[in-house]
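These are the residues of each chain, in order.
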Amino acid sequence: MKQLYIKQKFFSLTDKFTIKDEHENDVYYVKGRFLKIPKTFSIYNMEGQQVALITKKVFGVLPKFTVEVGGQHVITIIKEFTFFKSRYTIDSAGIEVRGNWWDIDFQVFQHGEKIGQVSKEWFTWGDSYKAQILKEEVETIIIALVIAIDCVKEDQRIASATSSV
């Protein structure tokens, strides 16, 4: 089992954050275009090679993200409409994400087998997540899921804040 720590800085002006392993070594970094339409997030290894590109689709009722690896479309992440638990489905590879009410803790399944788990780290500046990777070949997909779900949460937080003004 491999553990990764994904921490987005609360007051980041660079739209860049790193992903560390359990020994606090940098393994990946993510560059985001938060103000760009469509929103995009590029995941790079430490040699500077892009390993994945996540793009949030602009039009649609529910959030939808595409993930490309090596320039090829790999998966589409779709947030489902539910009342109590957040639920995400992936259009390929038999992957499903199940989470609790607040998306703080979720598991990733492939064909019914658990392949990863992500939990929010509390009492940190910004959003921090611990990802346990049980199947190494889907590591990039699990990182993409964390980034997409975090983006949905942030968009919902911003929408709630602006609607209550």
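Everything here concerns the structure above.
Position labels on residues start from 1 in each chain and follow its written sequence. Whole-chain, interface and lining totals are the exception, using all residues; otherwise, since this is a predicted model, local features are given only for residues with pLDDT of at least 70 and side-chain atom pairs are given and counted only at 80 or more. By convention in this description, side-chain values take in all heavy atoms of the structure and omit both hydrogens and water.

Draft legend 1. How the structure looks around the overall build of the chain. Going along the chain from the N terminus, every DSSP run of H or I of four or more residues is numbered as a helix, and every run of E of two or more is numbered as a strand. In terms of helices and strands, the chain carries one helix and twelve strands. Seen in sequence order, the chain has helices and strands lined up from the N terminus as β-β-β-β-β-β-β-β-β-β-β-β-α. Burial status across the chain gives 43% buried among its 165 residues. Contact definition: two residues touch when any of their heavy atoms are within 4.5 Å. Once local pairs closer than 6 in sequence are excluded, the contacts in the chain between residues at least 24 apart make up 28%. Here the term buried applies to any residue with accessible area under 20% of the maximum for its type, exposed to any over 50%, and partly exposed to those in between, with areas from a 1.4 Å probe on protein chains only.

Draft legend 2. Here's a closer look at a positive patch on the surface. The patches reported here contain residues having more than 30% relative accessible area and no salt bridge. Joining distances are 9 Å for like charges and 5 Å for nonpolar side chains (Val, Leu, Ile, Met, Phe, Trp, Tyr). Per-residue accessibility takes into account occlusion by the displayed protein chains alone, with areas from the Shrake-Rupley method and a 1.4 Å probe. For this document, the term salt bridge refers to a Lys or Arg side-chain nitrogen within 4 Å of an Asp or Glu carboxyl oxygen. Neither His nor the chain ends contribute to the count of charged residues, in which Lys and Arg are positive and Asp and Glu negative. Where a charge lies is defined by one atom per residue type: Lys uses NZ, Arg uses CZ, Asp uses CG and Glu uses CD. Taken together, the side chains of Lys16, Lys31, Arg33 and Lys36 present a region of like positive charge at the surface. The residue Lys16 is located in strand E2 (residues 16-21) in this model. Its relative accessible area of 36% is what places Lys16 among the partly exposed residues.

Draft legend 3. View of the pairing of strand E4 (residues 40-45). Along E4, six of the six residues are buried, which leaves the element largely enclosed by surrounding structure. Burial along E4 is two-sided: Thr40, Ser42 and Tyr44 and Phe41, Ile43 and Asn45, pointing in opposite directions, are all buried. Both strand E3 (residues 26-33) and E4 contribute to a ladder of six bridges, which runs antiparallel. Residue pairing in the sheet places Lys31 in a bridge with Ser42 of E4. By this definition, two strands are paired if DSSP reports at least two bridges between them.

Draft legend 4. Spotlight on the nonpolar core. Joining through side-chain atoms within 4.5 Å is the link that ties buried Ala, Val, Leu, Ile, Met, Phe, Trp, Tyr and Cys residues into a set, and such a set is a nonpolar core. Judged by nonpolar contacts, the single largest core of 38 residues is most densely connected at Ile43, Ile54, Ile77, Val97, Val108 and Ile147. Top element by residues in this core is helix H1 (residues 139-163). It accounts for eleven residues. Filtering out sequence-adjacent residues up to four positions away, Val97 remains in contact with Arg87, Tyr88, Ile90, Phe106, Gln107, Val108, Leu145 and Ile149.

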